[in-house]
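# Structural overview
Residue-level listing of the chains:
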Amino acid sequence: MLETFLKQAVKVFLELSRGTLSELIVDKYLVLTYGNLILSMDNPDEIIRKFEAEFNFIKHKFRIIDLKLSEVKSSMEEFVYHPGVYIFYNSTSVIKVGRHLVNCRKRALEHVRDNTRNEHLEMRELVSDSASRILLINSKKVEDRHWVAAVELFMETHLSPVIKSKRLG
């Protein structure tokens, strides 16, 4: 058992060092460390924990919504269209963090439509990746949208997404 785990860990390390992070498939029991984030397959718990640890005093002002990329457009979840922070992620990494002060879902979907990209990844590739998800941290009240900028800056800094925000330098 330990030998199998170590072989998988070495494989992951080698794949990461080659820069093929977006193509990596990880066994669901293997935990991958990337930057400051520990993320296991299809599990946003570490992202949520980071948010709650930093913003515990205002977490009641937000609704956290975790959706498959294919479900985002048709979602009827309460607060899905509110101001908030969007976090694209898949089984291996956090891909993109951003915010919108009016309609978080709409802005997140624009990244896929417009194919936001860098030298490692194109957002349109996420459509065919069944592990691609979006975590929305949306304000329950529109008048609390001023907190969204702080949440985005914190999450961008602490999650080290593959595609960095140009706004943050």
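What counts, and where the lines are drawn
- Residues numbered from 1 in each chain as written.
- Predicted model: local features only at pLDDT ≥ 70, side-chain atom pairs only at ≥ 80, totals over all residues.
- Heavy atoms only, no water.
- Axes fitted to C-alpha atoms, helices over the stretch in contact; angles between N-to-C directions.
- Helix = DSSP H or I, 4+ residues; strand = E, 2+ residues; numbered from the N terminus.
- Parallel < 35°, antiparallel > 145°, perpendicular 65-115°, else oblique.
- Left-handed = near helix turned anticlockwise from the far one by under 90°.
- Contact = heavy atoms within 4.5 Å.
- Nonpolar A, V, L, I, M, F, W, Y, C, P; charged D, E, K, R; others polar.
- Salt bridge = Lys/Arg side-chain N within 4 Å of Asp/Glu carboxyl O.
- Buried < 20%, exposed > 50% of the residue type's maximum accessible area, 1.4 Å probe, protein only.
- Phe/Tyr/Trp six-rings, centres within 6.5 Å; stacked < 30°, edge-to-face > 60°.

### Re the packing of helix α2 (residues 45-54) against helix α4 (residues 146-159)
- Viewed as axis vectors pointing N to C, α2 and α4 meet at an angle of 130 degrees, and their least axial separation amounts to 11 Å. It follows from the interaxial angle that α2 and α4 lie oblique. As for how α2 packs across α4, the hand of that crossing is right-handed. Contacts between α2 and α4 involve I47, K50, F51 and E54 from the former and V151, F154, M155, H158 and L159 from the latter.
- When the residues that make up the contact of α2 with α4 are grouped by side-chain class, the tally is six nonpolar, one polar and two charged.

### Considerations on the pattern of salt bridges
- Applying the stated rule across the entire model yields nine salt bridges.
- E77 is the partner of R63 in a salt bridge, and the nearest nitrogen-oxygen pair spans 2.9 Å. Highlighted residues: R63 in strand β3 (residues 62-68) and E77 in the loop between β3 and β4 (84-89), separated in sequence by 14 residues.
- Owing to a relative accessible area of 32%, E77 belongs among the partly exposed residues under this scheme.
- The partner of K106 in a salt bridge is E110, and the shortest N-O contact between them spans 3.1 Å. Residue K106 and its partner E110 are located together in helix α3 (residues 104-113), separated by four residues, close to a single helical turn.
- Relative accessible area serves as the criterion here: at 47%, K106 is assigned to the partly exposed category.

### So, the packing of aromatic side chains
- Here the structure, examined in full by the defined rule, presents five aromatic pairs.
- With centroids separated by 5.8 Å and ring planes inclined at 80 degrees, the aromatic side chains of F57 and W147 adopt a geometry described as edge-to-face. Here F57, found in the loop between α2 and β3, pairs with W147, found in helix α4; they are 90 residues apart in sequence, far enough to count as distant.
- Relative accessible area serves as the criterion here: at 25%, W147 is assigned to the partly exposed category.

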